[in-house]
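# Architecture at a glance
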Amino acid sequence: PGPAQSGILSDREVVNLFLHFTVNPKPKVEYIDRPRCCLRGKECSINRFQQVESRWGYSGTSDRIRFTVNRRISIVGFGLYGSIHGPTDYQVNIQV
C-alpha cells in the first residue's frame, strides 16, 4: 500500500494532503510544499501510439519504448493506459 494506506500518516494528514493536491485555493499545510529541485531545459513527450482510437492487439512480447541520449536527462513521469472496453486487471513490470 501507499503512504495513505500504510498508517504512517494520521487520518487528518491524509485529508490535508488530499485537499492540498485537489482544491484551490490550497489550504495551509504544516510541511514544506516547495518542490525539492527545479528541472531546467527542454521538455519532450514520447508517445507509443500516434492515436488511441484504433485497436492494438497484444502478442505476448514485451512492449517498450527505448531511446538513447547524449547528455544527462531527468524522467519526470510516465503513463500506462489500459483497455477501452472497461476495467481490467493488469500485471506490469516497469524498468527505468
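Let me begin by describing the structure that accompanies this report. Just so we're clear, the structure is a prediction, and the values are computed from it rather than from any experiment. (Residues numbered from 1 in each chain as written. Predicted model: local features only at pLDDT ≥ 70, side-chain atom pairs only at ≥ 80, totals over all residues. Heavy atoms only, no water.)

### Observations concerning the overall build of the protein chain
Operational definition: A run of DSSP states H or I qualifies as a helix once it reaches four residues; a run of E qualifies as a strand once it reaches two. Both are numbered from the N-terminal end. Relative accessible area decides the class of each residue, using a 1.4 Å probe on protein chains only: under 20% of the type maximum gives buried, over 50% gives exposed, and in between gives partly exposed. In this analysis, two residues are considered to be in contact whenever any of their non-hydrogen atoms come within 4.5 Å of each other. For every accessible area listed, the method is Shrake-Rupley and the probe measures 1.4 Å; residues are considered covered only by the protein chains on display.
The helix and strand tally for the protein chain stands at 2 helices and 0 strands. Counting all 96 residues of the protein chain, 1% fall into the buried class. In the protein chain, 7% of the contacts between residues at least 6 apart in sequence involve partners at least 24 apart. Carbon together with sulfur atoms contributes 52% to the accessible area of the protein chain, which is approximately 10400 Å² in total.

### Things to note about the side chain of histidine 20
Mapped onto the elements, histidine 20 comes out in helix H2 (residues 11-22). For histidine 20, a relative accessible area of 8% corresponds to the buried category. Those residues in contact with histidine 20 that lie beyond four places of it in its chain are Lys26, Pro27, Val29, Tyr31 and Asp33.

### Some words on unusual backbone geometry
Most peptide bonds are trans, and most residues other than glycine sit at a negative phi. Cis peptide bonds are those with omega within 30 degrees of zero, and the linkage from asparagine 24 to proline 25 qualifies with -5 degrees. Note that proline 25 resides in the segment after H2.

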